[in-house]
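Descriptive analysis of the structure
Now for the letters of each chain:
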Amino acid sequence: MGIVLRGGTVITADSEYLADIRIEGSTVSTVGQGLARSGDTVIDAAGCYLLPGGIDPHTHFDLDVGSTRTADDFASGTQAAIAGGTTTIIDYAAQARGGTLHAALAEWHAKADGNCYADYGFHMGITDYNPAVADEMSQMVAAGVTSFKMYLAYKSLKVDDKTVFQALRRSREIGALVGFHCENGDAIDMLVQEAIEAGNTSPRYHALTRPAIAEAEATNRVIALAEMAGAPVFIVHLTCKGALEAVIRAKSRGIAVYTETCPQYLLLDESCYAADGFEAAKYVMSPPLRTLTDQAALWNGLSAGFFDCLATDHCSFNYQGQKELGRQDFSKIPNGGPGVEHRLALIYTYGVLTGKITLQQMVALTSTNAAKLFGLFPRKGTIAPGSDADIVVWNPDASSVITAAAQTQRVDYTPYEGWRQRGRAEYVFLRGREVAKGGTIRQEALGEYLSRKPFPIRRED
């Protein structure tokens, strides 16, 4: 006996067609017509889209930032992901200064294993690079962690250009992809110090001390180092026109540069920092929200295919008690915001329905491209015989209003409070198991750890 999703419109990154989907066990067995057999469970999907489960390649769950810990752990965060139609997340493990990559991986497994409602994998953050870490990088790839991350900002995390160059050359040797948080940390640190000394401590100075040019410069620099190293590179949460122009120039020269942006940078802008009192702290994230000009450039880049992924950088902190840690000093406001739950509905409502992108582009950005970049395709990221039966039955006619009170994310606000959204994940299947129906989540942590394939490095003849 199997499950048949009957009469829906299958949407993949490159096709759209009416079909039934037959699920047997954990995988898709057949896509076609008239697939139901005696004893099957048949779900009427007429009028709905059948989407591959979303993949969010940028989350931070159960993250200790020193002064506090994120509001969402792996249980609540992946419940929120499932509620919104995301069936796989890739979270960022982080090497402690002076620590090992193995210790970081063990720590993240201890937090996630047995607690995830979605399937999950890890990127590995690198803060110290030395011969031992270079050896560990290959061991991480063997353990299925085939992507890494480095920061060019934050005093406790940032690395210098020599470290970037060394790690990129090593990544080329072992079949790994390195992602970068691109901001000029040294310049930002100086601007922050000057603002605090001048008594400019309100949340709006978070954005004023992290200008777009600092992101554009760092993006240019990382791309140049990647070109020198002959290695692919991934730019995370790109926010501004200048950084996007650097990516476009690099792509035009055939450099293997990939990038993501996030819904907050497409839908929110710097006017959020003009909120009364301390309310602007809700929008303190790094990089910060940008101008409407930057926002328009991002949408154009999305439509033109210059972005590979739409992630969330979900890093939630409660407004009460956590964001308030920086009430007297904006630099102490925990950076980040929630978003994993509403990603698909927001991009469908404000991207697809407005004609900015197509349904196929939505699937590519929210699932397929991440699967290809991070070693999960074709197991994940598509609907095809043999692929995992991670399927979202998307009702395009559903309509609702986003509120903090109604969300699954375990955080006391949403930056999209009062926003209208169209579409809803009526059914969500994870490896053939129904994990959500009508917005109600199955109360069983069925998520499994994903060991990922190495990145296909393009080597010279």
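These notes cover the structure that comes with them. The shown structure was predicted, so the numbers you read here are calculated from the model rather than taken from an experiment.

1. Some details on the pairing of strand β5 (residues 49-52)
Every second residue of β5 is oriented toward a common face, with Y49 and L51 on one face and L50 and P52 on the other, all of them buried. Where strand β1 (residues 3-11) and β5 come together, 2 bridges link them in parallel fashion. Opposite V10, over in β5, you have L50 as the bridge partner. Summarising the sheet, β5 and strand β14 (residues 391-401) pair through 4 bridges and their orientation is antiparallel. Following the sheet pairing, Y49 is matched in β14 by W394.

2. Some remarks on the environment of A103
Following the sequence through the fold, A103 ends up in helix α2 (residues 101-112). Classification of A103 by relative accessible area gives partly exposed; the value is 45%. In this structure the C-alpha to C-alpha distance between A103 and A93, which are 10 residues apart in sequence, comes to 10.0 Å.

3. Observations concerning the sheet that holds strand β9 (residues 147-151)
In spatial order, the strands read β6-β7-β8-β9-β10-β11-β12-β13; together these 8 strands make up an open sheet with parallel pairing. The open sheet terminates on both sides in strands that have one partner only, identified here as β6 (54-59) and β13 (309-310). Here strand β11 (residues 233-235) runs beside strand β12 (residues 257-261); their pairing, made up of 3 bridges, is parallel. Along β12, the bridge assignment pairs V233 with V257.

4. Details of helix α1 (residues 74-83)
For α1, the buried fraction is high: 9 of the 10 residues fall into the buried class. The complete set of buried residues in α1 reads F74, S76, G77, T78, Q79, A80, A81, I82 and A83. Contacts from the buried residues of α1 go to β7 (86-94), α2, β8 (119-125), β15 (420-430), β16 (433-437) and β17 (440-441). You can read the cap of α1 off the contacts: a side-chain oxygen lies 3.1 Å from the backbone nitrogen of A75, and it is on D73. The positive-phi residue at the C-terminal boundary of α1 is G85, with phi of around 100°.

5. Let's talk about the pattern of salt bridges
The tally for this structure, following the rule as stated, stands at 28 salt bridges. For the salt bridge of K251 with D308, the shortest nitrogen-to-oxygen distance reads 3.5 Å. Taken together, the residues K251 in helix α8 (residues 241-252) and D308 in the loop between α10 (292-304) and β13 connect sequence positions 57 residues apart. Judged by its relative accessible area of 24%, K251 falls in the partly exposed class. Residue R431 is joined to E448 by a salt bridge in which the shortest nitrogen-to-oxygen separation is 3.3 Å. With R431 in the loop between β15 and β16 and E448 in the segment after β17, this pair connects stretches of sequence that are 17 residues apart. A residue is classified by how much of its surface remains accessible, and R431, at 12% relative accessible area, is buried. Judged by its relative accessible area of 38%, E448 is partly exposed. Salt bridges linked by common partners bring D119, R379, K380, D388, D390, R431 and E448 together as one network.

6. Quick notes on the packing of aromatic side chains
Summed over the entire model, instances satisfying the criterion amount to 13 aromatic pairs. When the ring centre of W299 is taken as reference, the NZ or CZ atom of K356 above it lies at 5.2 Å.

7. As for the pairing of β16
Relative to β16, β15 runs antiparallel, the two sharing 4 bridges. By the bridge assignment, F429 is partnered in β16 with E434. Counted between consecutive antiparallel strands, the loop separating β15 from β16 contains 2 residues, among which R431 sits at a positive phi close to 45°. Bridging between β16 and β17 involves 2 bridges; their strand directions are antiparallel. Pairing of A436 across the sheet is with I441, part of β17. Where β16 hands over to β17, the hairpin turn is made up of 2 residues, of which G438 adopts a positive phi near 60°.

8. Comments concerning the environment of K380
Position of K380 among the secondary structure elements: in the loop between α12 (359-373) and β14. For K380, a relative accessible area of 2% puts it in the buried group. On a C-alpha basis, the gap between K380 and P456 in space is 17 Å, while along the polypeptide they are 76 residues apart. With residues up to four places along the chain from it excluded, the contact list for K380 reads I55, T88, D119, A371, D388, D390, L430, R431 and L450. Of the polar contacts made by the side chain of K380, one reaches the side chain of D388; its length is 2.9 Å.

9. Quick notes on α8
Helix length check: α8, at 12 residues, gives a terminal C-alpha distance of 16 Å against a target of 16 Å (1.5 Å per residue), a fit within 8%. Of the positions making up α8, those classed as buried are A243, L244, A246, V247 and A250. Take α8 and look down its axis: the buried residues cluster within an arc of 155°, on one side only. Contacts from the buried residues of α8 go to α7 (212-229), β11, β12 and α10. Just downstream of α8, G254 is the residue with a positive phi angle, here 85°.

Thresholds, definitions, all that
- Residues numbered from 1 in each chain as written.
- Predicted model: local features only at pLDDT ≥ 70, side-chain atom pairs only at ≥ 80, totals over all residues.
- Heavy atoms only, no water.
- Buried < 20%, exposed > 50% of the residue type's maximum accessible area, 1.4 Å probe, protein only.
- Helix = DSSP H or I, 4+ residues; strand = E, 2+ residues; numbered from the N terminus.
- Pairing = 2+ DSSP bridges.
- Contact = heavy atoms within 4.5 Å.
- Polar contact = N/O pair within 3.5 Å; in protein donor to acceptor, adjacent residues only side chain to side chain.
- Salt bridge = Lys/Arg side-chain N within 4 Å of Asp/Glu carboxyl O.
- Phe/Tyr/Trp six-rings, centres within 6.5 Å; stacked < 30°, edge-to-face > 60°.
- Lys NZ or Arg CZ within 6 Å of the ring centre and 35° of its normal.
- Expected span 1.5 Å × (residues − 1).
- Arc of directions from axis to C-beta.

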